[in-house]
Amino acid sequence: MTAKTIDRSRDLSQSLDKLSADERMKAASDYLRGTIAHGLLDRITGAMPSAGDVKLMKFQGIYQQDDRDLRDERRRQKLEPAYQFMIRVRMPGGVCTPEQWLKLDGLARQHGSQTLRVTTRQTFQFHWVLKDSLRPIIQGLHEVLLDTVAACGDDSRGVMCTVNPESSLFHAQIAALAKQVSDHVIPKTRAYHEIWYGAERIASSGPEEPFYGRTYMPRKFKIGFALPPSNDIDVFAQDVGFIAIGDANGLQGFNVAIGGGMGRTDNAPETYPRLASVIGFIPADKVFACADAAMTVQRDYGDRKDRMHARFKYTIDDKGLDWIKAEIERHMGSKFEAERPYEFTSNGDVFGWVETPDGRHHLTLFVENGRLDLAWLDTLRDVARIHTGKFRMTANQNVIIADVEADDRAAIDAVLESHGKAPGHVSALRRNSIACVALPTCGLAMAESERYLPTLIDKLEPILANHGLAEEPITIRMSGCPNGCSRPYIGEIALTGRAPGKYNLYLGGGFRGERLNRMVLENAGESAILETLDEVLGRYAKEREPGEHFGDFTIRAGIVREVTEGRFFND
Ligand code: SRM
Ligand code: SF4
């Protein structure tokens, strides 16, 4: 970022010793260098020896984890935990080339236990990476112009963009914008180049982080672009969401939504999911100024004492939406215009082949929970070898083979067929399902998610069929803890883990990602969950109105009370 430099008066007024330990750690990190380069050389442990470096590495897209399936056994054997790392790639808008795909594939085979994970923010994660493999992966990504900068950490994360082919009118334009915004908002420190590429430190007279300063953002910050009618990215879950407004004459600009976020903490009602509030319209040439301004306001006023209260949504609710809007306008140097009309039809994906008006063809493949195992890697490697278009990762954890010429379709179909991956019948519920990673890699998981949701759906499918609802699209989302990485609080059916085998069940979210759900069962096991869903789905089958979605029905029927305030209360 170049336009806005840090508000020094505010920076100095908040004496560091009054701020959280993480703020002090960031300030002392020498712009994210810490002692990471040194720690990587330590051969005694598979972990990073410094806890501070573990946190700093997140700003570089790397999480230290350990295999939780092996924890007890390793403890019994008096061994250190099975340390490993997760690496998240920065892939704005979820678009990559076949060359990049082949590199990702090769690195996963060599260093990532032969698996890649498509995430809910349209990128890839490598799991099971050992310390010695970190540099080879990051340097390998660099060879194909990919990096992991700011994929995690207190900074602006991966910028999302609608990829559903039905929204192709402005897709190329908006995808380019998502990439430019991502490049614009990532940290400018050279720490990444020095640690991972071995670059020399260059003396410079200018500020190393002109926007972020020494303490970066108070917390993660998420930006996304949605192209109606598809709300596949869940624009109302973003800190700043840009909703494209245009017509046959071209892109006019964006409605701007601020303050979305899913994360909440168990037994802490002061933490809550919140849907973003639309505050007005900006012309397309104001996108950078608007993103800068919103980030400036959060950087300067976000809570730096309590990390649980540090997301933009809390800053907005504490200061008031009108006040925040006025501050954004002041920094942007212009006023928001009135919100323009738009309509979302769903937040899911459109599967199978689709032809767009530019004569290109796009094939959306269902990849359950985004897990690309060896069979998928083999298949898509063969596709990448012949594909001349792009791959797009969806926010629903699926993969699109995009921009295919009509004449090339048959060859792609043949590759999929030869691997047994030709699109087959998948139930409507499964097609609309998302599960976060959770166990065994996620250190915060309280229950299974990716490894359990497919089995739960196996049990729900006969229930749906029994009620004549087998082809009814209903969104179902599972997270292994309340943090909500699968954006569960917008699902029509959602489950968040409380303990092994125990989940909170939520109903009533909006099919278009426009409404939060509400908890109907707390800390429930599978049989209680299935029993409740059987009953409510049975009523839906009998009592629904034509075209009525399941979430809307649960509200109209009084099964759950609508969340009207844009936030969720645990009552
Ligand atoms: Fe997430 C933390 C995985 C999308 C809210 N998330 C984590 C960590 C890194 C656990 C940790 O801090 O140690 C998880 C790593 C698990 C693993 O083993 O891979 C993790 N989050 C994921 C992914 C991979 C889920 C998935 O199955 O796809 C998604 C990666 C996205 C990406 O590519 O950048 C992922 N996380 C999300 C989303 C959805 C979104 O952004 O659209 C959310 C909800 C939106 C939001 O931010 O409010 C989300 N993750 C969180 C939170 C709660 C944040 C909060 O405000 O309270 C945490 C915990 C934290 O930050 O303290 C978290
Ligand atoms: Fe881990 Fe919880 Fe996120 Fe699932 S929701 S990946 S369990 S932090």
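These figures come from a predicted structure and were not determined experimentally.

J.: Lay out the packing of aromatic side chains in plain terms, naming residues and giving numbers.
T.: For any pair of aromatic rings, the description consists of the separation of the ring centres together with the inter-plane angle of the planes. In this structure the tally under the stated criterion is 19 aromatic pairs. With a centroid separation of 5.8 Å and an interplanar angle of 70 degrees, the aromatic rings of Phe242 and Phe254 are classed as edge-to-face. Placement of Phe242 in strand β8 (residues 240-247) and of Phe254 in strand β9 (residues 250-258) is noted, with a sequence separation of 12 residues between them. Each member of the pair Phe242 and Phe254 is classed as buried. With a centroid separation of 5.4 Å and an interplanar angle of 50 degrees, the aromatic rings of Tyr540 and Phe553 are classed as tilted.

J.: Describe the site of ligand 1, with residues and values.
T.: If you check the shell around ligand 1, you find 29 residues, and the closest are Thr119, Met262, Thr441, Cys485 and Arg487. A distance of 3.0 Å is found between an oxygen atom of ligand 1 and a side-chain nitrogen or oxygen belonging to Arg219. Between an oxygen atom of ligand 1 and a side-chain N or O atom of Arg487, the distance comes to 2.6 Å. Of all the elements in the fold, those that place two or more residues in the shell around ligand 1 are β1 (62-66), β2 (83-88) and β5 (124-129).

J.: Break down the sheet that holds strand β15 (residues 399-404) for me, with residues and values.
T.: Taken together, the 5 strands give an open sheet; going across it, the order is β3-β14-β15-β12-β11, and neighbouring strands pair in antiparallel fashion. With partners counted over all chains shown, the strands left at the sheet margins are β3 (95-96) and β11 (352-355), one partner each.

J.: I'd like a rundown of the nonpolar core, residues and numbers included.
T.: Counting 93 residues, the largest nonpolar core has Phe124, Phe126, Ile223, Phe225 and Phe242 as its most contacted members. Within the second largest apolar cluster, 30 residues are counted, among which are Leu456, Leu469, Tyr503 and Ile529.

J.: If you had to explain the coordination of the iron atom of ligand 1 to someone new, which residues and values would you point to?
T.: Coordination of the iron atom of ligand 1 by the protein involves just one donor, Cys485 (SG), at a distance of 2.3 Å. As for its placement among the helices and strands, Cys485 is situated in the loop between β17 (476-479) and β18 (493-499).

J.: Mind laying out the sheet that holds strand β13 (residues 371-372), listing which residues take part and the relevant values?
T.: Taking strand neighbours across the sheet as the criterion, the 5 strands line up as β1-β2-β5-β4-β13 in an open arrangement whose pairing is antiparallel. The strands lining the two open edges of the sheet, one partner per strand, are β1 and β13. Looking at chain direction, strand β4 (residues 116-118) and β5 are connected through 2 bridges and run antiparallel. Bridge assignment links Val118 to a residue of β5, and that residue is Phe124. Sitting on the sheet, helix α6 (residues 98-111) is in contact with β4, β5 and β13, with an inclination near 15 degrees to β5. Strands β1, β2 and β5 of the sheet are contacted by helix α7 (residues 134-143), whose axis makes an angle of about 155 degrees with β5.

J.: A description of the domain arrangement of the chain should follow, citing residues and the corresponding values.
T.: According to the domain assignment, the chain consists of domain 1 (352-424) and domain 2 (429-556). Taken over C-alpha atoms, the centre of domain 1 sits 28 Å from the centre of domain 2. Taken residue by residue, the interface counts 7 residues in domain 1 and 11 residues in domain 2. Carbon and sulfur atoms make up 38% of the area that domain 1 and domain 2 hide from each other, which totals about 790 Å². Three residues stand out in domain 1 for area buried against domain 2, namely Phe366, Glu368 and Asn369, and they jointly supply 56% of the buried area on that side.

J.: Give me the side chain of Asp154: which residues, what numbers.
T.: Locating Asp154 in the fold gives a position in the loop between α7 and β6 (160-161). Polar side-chain contacts of Asp154 include one of 2.8 Å to the side chain of Lys26. For Asp154, the side chain forms a polar contact with the side chain of Arg307, separated by 2.9 Å. Those residues in contact with Asp154, other than ones at most four positions away along the chain, are Lys26, Phe59, Tyr216, Met217, Pro218, Arg219, Lys220 and Arg307.

J.: Give a detailed account of unusual backbone geometry, specifying residues and quantitative values.
T.: That bond from Pro228 to Pro229 is cis: its omega, 15 degrees, falls within 30 degrees of zero. Within the secondary structure, Pro229 is located in the loop between β7 (223-226) and β8. With an omega dihedral of 10 degrees, the bond running from Leu439 to Pro440 counts as a cis peptide bond. Examined against the element boundaries, Pro440 turns out to sit in the loop between β16 (433-435) and α16 (453-466). In this structure, Leu145 takes a positive phi of about 65 degrees despite not being glycine. Here Leu145 is to be found in the loop between α7 and β6. With a relative accessible area of 74%, Leu145 lands in the exposed category. Look at Asp403: it is not a glycine, yet its phi comes out positive at around 60 degrees. Tracing the backbone through its elements, the reader meets Asp403 in strand β15.

J.: Help me get a handle on the environment of Val89, residues and values and all.
T.: In this fold, Val89 is placed in the loop between β2 and β3. Along the chain, Val89 and Phe126 lie 37 residues apart, while their C-alpha atoms are 8.3 Å from each other. With residues near it in sequence (within four places) discarded, Val89 still touches Leu104, Thr123, Phe124, Phe126, Leu141, Leu146, Asp147, Thr148 and Ala151.

Calculation criteria
- Residues numbered from 1 in each chain as written.
- Chains lettered and ligands numbered in written order.
- Predicted model: local features only at pLDDT ≥ 70, side-chain atom pairs only at ≥ 80, totals over all residues.
- Heavy atoms only, no water.
- Phe/Tyr/Trp six-rings, centres within 6.5 Å; stacked < 30°, edge-to-face > 60°.
- Helix = DSSP H or I, 4+ residues; strand = E, 2+ residues; numbered from the N terminus.
- Buried < 20%, exposed > 50% of the residue type's maximum accessible area, 1.4 Å probe, protein only.
- Near = heavy atom within 4 Å.
- Polar contact = N/O pair within 3.5 Å; in protein donor to acceptor, adjacent residues only side chain to side chain.
- Pairing = 2+ DSSP bridges.
- Core = buried A, V, L, I, M, F, W, Y, C linked by side-chain atoms within 4.5 Å.
- Donors = N, O, S within 2.8 Å, 3.2 Å for Na, K, Ca; no water.
- Contact = heavy atoms within 4.5 Å.
- Axes fitted to C-alpha atoms, helices over the stretch in contact; angles between N-to-C directions.
- Domains from an automatic or database assignment.
- Buried area = accessible area lost by both parts, 1.4 Å probe.

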